[in-house]
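Here is what each chain is made of, one letter per residue.
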Amino acid sequence: GTFTVSVKVPTGDTATRDIVLFDAQLNVTCGACDVTVGGGAPVDLCIANFPVVGSSSEIVVSVGSTIAPVISSTITAQETCLVFNAPEFLGTTSEGSASTLVSVDAVGATAVATLTYWSAPSLESAMFQSTGCEMELVFNSDTNTPGVSATNSDCALVFAAATVAKLGSSAKCGWASARRLSVTLGTSATIDAGDTVTVLPGLVKSANELAVTAVASALLRPPTTPTAPSVSVSGTFVGDVCTEVVLRARAPSCRPVTFTWGCLDCDDQTMSDTLAQATSDELTLNYLPRTGVQYHMTVYATNFLKASSDPVVRAVTKAAVPIPILTVAGHTTYRVSDSVLLDASATFSPCQAQKSSVSWSWSLDSGPAGTTTYTTGLFNSLLPRLVIPANKLQGGSTYVILLSAKIGDAVSSQKVTITTVATDLVASIVGGSRTVQRATLVLDGSASYDPDYSCGATSCSGLLADSSLTYEWSCTDKRDKPCRLHASKDVLMIPDVVSPSLDLSALSHGYKTVNIALTVAKGSRFTTKTVELALVDDLVPTLSFDLSQVTYVLGSGAVKFNPGTRLILSAVADVPVSVEWEVRDPKGKKLNMMDGTTFGNTSSTTLIMIHSDANQLQEGVEYTVTFTTAKIKATATTPGYAKASASLQAIVNKAPSGGTCTPSATTGTALSTKITYACKSFDDPDKPIVYKFGYELADGTIRNFDSVTLPSYEYQMLPAGDVKLFVDVVDRFNAATRVSTSVTLAEGAVDPTAVSGQLTELQQLGDWSKAGQTIDVVSNALNNQATAARSGNLLRRRLLSTDTRAELRGQMVA
């Protein structure tokens, strides 16, 4: 039966607890013992060996402290079955559910069962993430993760139409966990903090789909700490009497930003009026108070979350005489482990009378204290492109680079400032997550490293023994509690060395899996890697992955492959085994391995993961790939091996995004109209980003040009007809986003004088890519003409001459 225990404490308060004594010999089975908190649902119980009574009126069913009348019964000598309606639950659920004791009493016997009440998940919060490009909805308990899936991320499957309309074109939604719904905003998103976010009524249910959420809406909150935009400035910093100073600010963002321009040392009303009206990303100054004087312009960006960047300062000058106009493109911030890549270009001033070849010169103007002669020499170059290899510069430092271009007696100079930041440390545990025997195991953190660790003036290869790294190990169970020893119950302490020895047999016997974490630190930087070890008593094969066919292996041990490509992984074991593969998404959902468009050879020791636009694998998502070996029976001559598995993380790279490309014109005349294709706002965590411009003709002919850091390209001459201009925006892992625009050019005749002059100017400026494009287009046009004038033949001979093409090839190679 049931009785109540009361305890009175010295403060005068009383605590009570109901105690139920029951007969453990009575076996209770329950059908539909999960109900919603509203109650009313029928519950059926069957009790074996329960005393036989004359009718159900002699049986009392209690749900907690509430009597639940029996509405039907079947009573036999072997079993008593009852049906009653669950009463409403008036308590508070935890994690979406609450369990209540059901007691059945009759003629001195008591049987018990557990009735679980489920509440519908409620929308706890909706919040922008730090950049404002994503938002996250959090429910107070696990949901059934409805609507969107790995193969369909359409937000219209989750949100009400009014909310979807504000998320922007091609917004993507996905369940990051059973409680967290992530939204990546699309282009032209308008949703803002304070807006109401509404989920489709009746869509979200409890994890067991029993309790339905009627309405789920919440006010969208701003991020706790919004990320300010990062601004870089390029353009023409030195103008002359004929050319303007043009500053172009870039602040990659998924939403429009507002720029605020200023001047630190301009005491002039005309300048003040110009700057007060400037809010776009480009500032054109055709007026400066005095020539030959340096003025310091400032700009900062503010995003829609009202987060503002630090001001960026750039010095500008108006020269008193005509000079070549310089433009430098490249990033302003680099990780130490990145290569520095800067591209310069020059154009003649419109009133520059003397035109001759450009002489380029790069040098280091200033750097951090202790900059060596070797490092200074890295900045010396006589080419328009400056390349500094990775791991050669000091982290957390600022370098000011001086670029000079000389044409005859006219010299134009520009200073470029770059900042280096430390790269995240890489923590790695050799072997990764796997099955191991309960025996002595040597952990190995030797693959951990600092990507910024420098070899000085020599080239670095492989992983380096960096003595300044420190190692800290820990062991936790699946509840994130410290691992304890079986005998003493003390917490397991692992030596803080690179390769400690661990006796797994000494752990408490209840552990089926443990998590081993390694924290690698160096100065103020640190990072942690965690692997899961499944513990078994028997021998297990030693398992690993063969990554010889993988192009990109990250320092953490994860592998990365690009959209539209395939990843080939092979399972390796120290004994002959049969293998079964599985792939799971970040929520732990197992992907369909029978999908031939996604996977191949899944029953062999080799797994082929294929990414395409229409399959389960999504860009920017990290998947867990696991192979499992079957149990091997022992024989008279060979030992047996337990079932074992090993896993790693596979990431589908995401190509640069968030930007647009626009042509300066969509129509023109062949062989004369110049069209500039300009891109802006592309961003990617895997920098540097480069741009590969080209064009495609109606017959499928494609022309590709050199990779550049300049986000724009001026097509000097284009053939007649419909021409598709394109650019591949490429990150450092070669994931590319292609943007294209069609332009139409009317028939145009070759002007030999104009072409010859243009070709000479491009060669003088050292722009061999555009010179090559000009030669290619004009040569084809001349060859396609039925008859050519004598001047055209002379031009053709020049274009096709051995000397010209030899020089062109040599300069392009250089």
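Everything numeric here is computed off the predicted structure, so don't read it as measured data.

Details of the overall build of the chain
Working step 1: Per the secondary structure count, the chain includes 7 helices and 54 strands.
Working step 2: By residue count, 43% of the 814 residues in the chain fall in the buried class.
Working step 3: For the chain, the proportion of contacts with a sequence separation of at least 24, taken over those separated by at least 6, is 62%.
Working step 4: When the accessible surface of the chain is split by element, carbon and sulfur atoms take 51% of a total near 38,800 Å².

What about the sheet that holds strand 23 (residues 294–302)?
Working step 1: Spatial strand order, 19-24-23-21: 4 strands in an open sheet with mixed pairing. On the outer flanks of this sheet lie strand 19 (238–239) and strand 21 (258–263), each paired with one strand and no other.
Working step 2: Relative to strand 23, strand 21 runs antiparallel, the two sharing 6 bridges. The residue bridging Phe-259 from the neighbouring strand is Ala-301, located in strand 23.

Re the state of the cysteines
Two cysteines whose sulfur atoms are joined by a covalent bond form what is called a disulfide.
Working step 1: For the structure shown, the criterion picks out 7 disulfides.
Working step 2: A disulfide bridge connects Cys-155 with Cys-173, and the sulfur atoms are separated by 2.0 Å. What sets the handedness of the Cys-155 and Cys-173 disulfide is the S-S torsion sign, and at about 105° it is right-handed. Taken together, the residues span a long stretch of sequence, with Cys-155 in the loop between strand 13 (134–139) and helix 1 (161–164) and Cys-173 in strand 14 (residues 172–175) at a distance of 18 residues.

Describing the side chain of Asp-477
Working step 1: The residue Asp-477 is located in the loop between strand 34 (470–476) and strand 35 (501–503) in this model.
Working step 2: We classify Asp-477 as buried; its relative accessible area is 6%.
Working step 3: Beyond its immediate chain neighbours, meaning those up to four positions away, Asp-477 contacts Cys-483, Tyr-511 and Asn-515.

With respect to the sheet that holds strand 30 (residues 397–407)
Working step 1: Sheet architecture is open: 4 strands sit in the order 26-31-30-28, paired in mixed fashion. The sheet is open, and its two borders are formed by strand 26 (333–335) and strand 28 (359–366), each paired with just one other strand. Sheet twist, expressed as the average angle between the axes of neighbouring strands with direction ignored, equals 30°.
Working step 2: Taken together, the 3 bridges between strand 26 and strand 31 (residues 410–421) define a ladder with parallel strand orientation. Following the sheet pairing, Thr-333 is matched in strand 31 by Thr-419.

Regarding the packing of aromatic side chains
Working step 1: Applying the stated criterion across every chain yields a total of 16 aromatic pairs.
Working step 2: Between Tyr-552 and Phe-733 the ring centres are 5.0 Å apart and the planes differ by 75°, which places this aromatic pair in the edge-to-face class. On the criterion of sequence distance, the pair formed by Tyr-552 in strand 39 (residues 552–553) and Phe-733 in the loop between strand 53 (721–730) and strand 54 (736–746) is long-range, its members being 181 residues apart. Assigned by exposure class, Tyr-552 and Phe-733 land together as buried.
Working step 3: Counting every residue linked through ring pairs, the aromatic cluster contains Tyr-677, Tyr-691, Phe-693, Tyr-695, Phe-705, Tyr-713 and Tyr-715.
Working step 4: Positioned over the ring face of Phe-304 is Arg-255, at 3.8 Å from the centre of the ring.
Working step 5: Cation over ring: Arg-738 sits above Phe-726, and NZ or CZ is 4.0 Å from the ring centre.

Here we look at the environment of Leu-342
Working step 1: Residue placement: Leu-342 occurs in strand 27 (residues 340–347).
Working step 2: A sequence separation of 13 residues divides Leu-342 from Ala-329, and the C-alpha atoms of the two residues are 5.8 Å apart.
Working step 3: Leu-342 has contacts with Val-328, Ala-329, Gly-330, His-331, Tyr-334, Trp-362, Pro-384, Arg-385, Leu-386, Ile-401, Val-416 and Thr-709, leaving out every residue within four places of it along the chain.

Quick notes on the side chain of Thr-80
Working step 1: Within the secondary structure, Thr-80 is located in strand 9 (residues 79–85).
Working step 2: On the accessibility criterion, Thr-80 (0% relative accessible area) is buried.
Working step 3: Once residues lying within four places of it in the same chain are set aside, the contact partners of Thr-80 are Leu-45, Cys-46, Ile-47, Phe-50, Pro-51, Ile-59, Thr-74 and Ile-75.

Section: the pattern of salt bridges
Working step 1: Under the defined criterion, the tally for this structure stands at 17 salt bridges.
Working step 2: Asp-450 is the partner of Lys-522 in a salt bridge, and the nearest nitrogen-oxygen pair spans 2.8 Å. Linking Lys-522 in strand 36 (residues 513–522) with Asp-450 in the loop between strand 33 (440–442) and strand 34, this pair joins segments that are 72 residues apart in sequence.
Working step 3: According to the relative accessible area criterion, Asp-450 is buried, its value standing at 5%.
Working step 4: A single network of salt bridges, built from pairs that share partners, joins Glu-95, Asp-142 and Arg-179.

What to know about the pairing of strand 15 (residues 180–184)
Working step 1: Only one face of strand 15 is covered, namely the face carrying Leu-181 and Val-183; the face carrying Arg-180, Ser-182 and Thr-184 is uncovered.
Working step 2: Here strand 13 pairs with strand 15 via 5 bridges, running antiparallel. For Glu-136, the partnering residue across the bridge sits in strand 15 and is Ser-182.
Working step 3: Here 4 bridges tie strand 14 to strand 15, and the two strands are oriented antiparallel to one another. By the bridge assignment for strand 15, Cys-173 is matched with Val-183.
Working step 4: Hairpin connection of strand 14 to strand 15: 4 residues between the antiparallel strands.

Side note on unusual backbone geometry
Working step 1: Residues other than glycine seldom take positive phi values, yet Asn-49 does so here, at roughly 70°.
Working step 2: The residue Asn-49 is located in the loop between strand 5 (42–48) and strand 6 (60–63) in this model.
Working step 3: If you check the backbone angles, Glu-209 has positive phi at about 60° while not being a glycine.
Working step 4: Assignment of secondary structure puts Glu-209 in the loop between strand 16 (196–199) and strand 17 (216–221).
Working step 5: By relative accessible area, Glu-209 is classed as partly exposed at 47%.

Focus: the nonpolar core
Working step 1: Tyr-691, Phe-693, Tyr-715, Leu-725 and Val-727 are the most contacted members of the largest nonpolar core, which totals 32 residues.
Working step 2: Elements that contribute at least two residues to this core include exactly strand 49 (675–680), strand 50 (690–697), strand 51 (702–708), strand 52 (712–715), strand 53, strand 54 and helix 5 (768–784).
Working step 3: Not counting chain neighbours up to four residues away, the residues in contact with Leu-725 comprise Pro-663, Ile-675, Tyr-677, Gly-694, Tyr-695, Tyr-715, Leu-718, Val-739, Ser-740, Thr-741 and Val-743.
Working step 4: In terms of nonpolar packing, the next biggest core, distinct from the first, is built from 28 residues, Met-135, Val-158, Ala-216 and Leu-220 among them.

As for the pairing of strand 27
Working step 1: The element strand 27 is largely enclosed, with a buried count of 6 among its 8 residues.
Working step 2: Alignment of strand 25 (residues 325–329) against strand 27, held across 5 bridges, turns out to be antiparallel. Within strand 27, the residue paired with Thr-327 across the bridge is Ser-345.

A short note on the environment of Ile-59
Working step 1: Inspection of the secondary structure assignment puts Ile-59 in the loop between strand 5 and strand 6.
Working step 2: Owing to a relative accessible area of 5%, Ile-59 belongs among the buried residues under this scheme.
Working step 3: As for Ile-59 and Val-104, which are separated by 45 residues in sequence, their C-alpha atoms are 6.8 Å apart.
Working step 4: Filtering out sequence-adjacent residues up to four positions away, Ile-59 remains in contact with Phe-50, Val-53, Val-70, Ile-75, Thr-80, Leu-82, Val-104, Asp-105 and Ala-106.

Regarding the confidence of the model for the chain
Working step 1: With 89% of its residues at a pLDDT of 70 or more, the chain shows a mean pLDDT of 83.
Working step 2: Helix 7 (residues 802–813) is the least confidently modelled element of the chain, averaging 44 in pLDDT, while strand 16 averages 96, the highest of any element.
Working step 3: Contacts of residues 455–464 to residues separated by more than four positions or lying in other chains number 14 contacts, the stretch itself having pLDDT below 50.
Working step 4: Per-residue pLDDT stays below 50 along residues 786–792; that stretch engages in 5 contacts with residues further than four places along the chain or on separate chains.

Side note on the environment of Gly-174
Working step 1: Within the element layout of this structure, Gly-174 appears in strand 14.
Working step 2: Placed 19 residues apart in sequence, Gly-174 and Cys-155 show a C-alpha to C-alpha distance of 8.3 Å.
Working step 3: The contacts of Gly-174, once residues within four sequence positions are left out, are Val-148, Arg-180, Leu-181 and Ser-182.

The rules we used
Residues numbered from 1 in each chain as written. Predicted model: local features only at pLDDT ≥ 70, side-chain atom pairs only at ≥ 80, totals over all residues. Heavy atoms only, no water. Helix = DSSP H or I, 4+ residues; strand = E, 2+ residues; numbered from the N terminus. Buried < 20%, exposed > 50% of the residue type's maximum accessible area, 1.4 Å probe, protein only. Contact = heavy atoms within 4.5 Å. Areas by Shrake-Rupley, 256 points an atom, 1.4 Å probe, with all protein chains shown as cover. Pairing = 2+ DSSP bridges. Disulfide = S-S within 2.5 Å. Axes fitted to C-alpha atoms, helices over the stretch in contact; angles between N-to-C directions. Phe/Tyr/Trp six-rings, centres within 6.5 Å; stacked < 30°, edge-to-face > 60°. Lys NZ or Arg CZ within 6 Å of the ring centre and 35° of its normal. Salt bridge = Lys/Arg side-chain N within 4 Å of Asp/Glu carboxyl O. Core = buried A, V, L, I, M, F, W, Y, C linked by side-chain atoms within 4.5 Å. pLDDT = per-residue confidence, 0-100.

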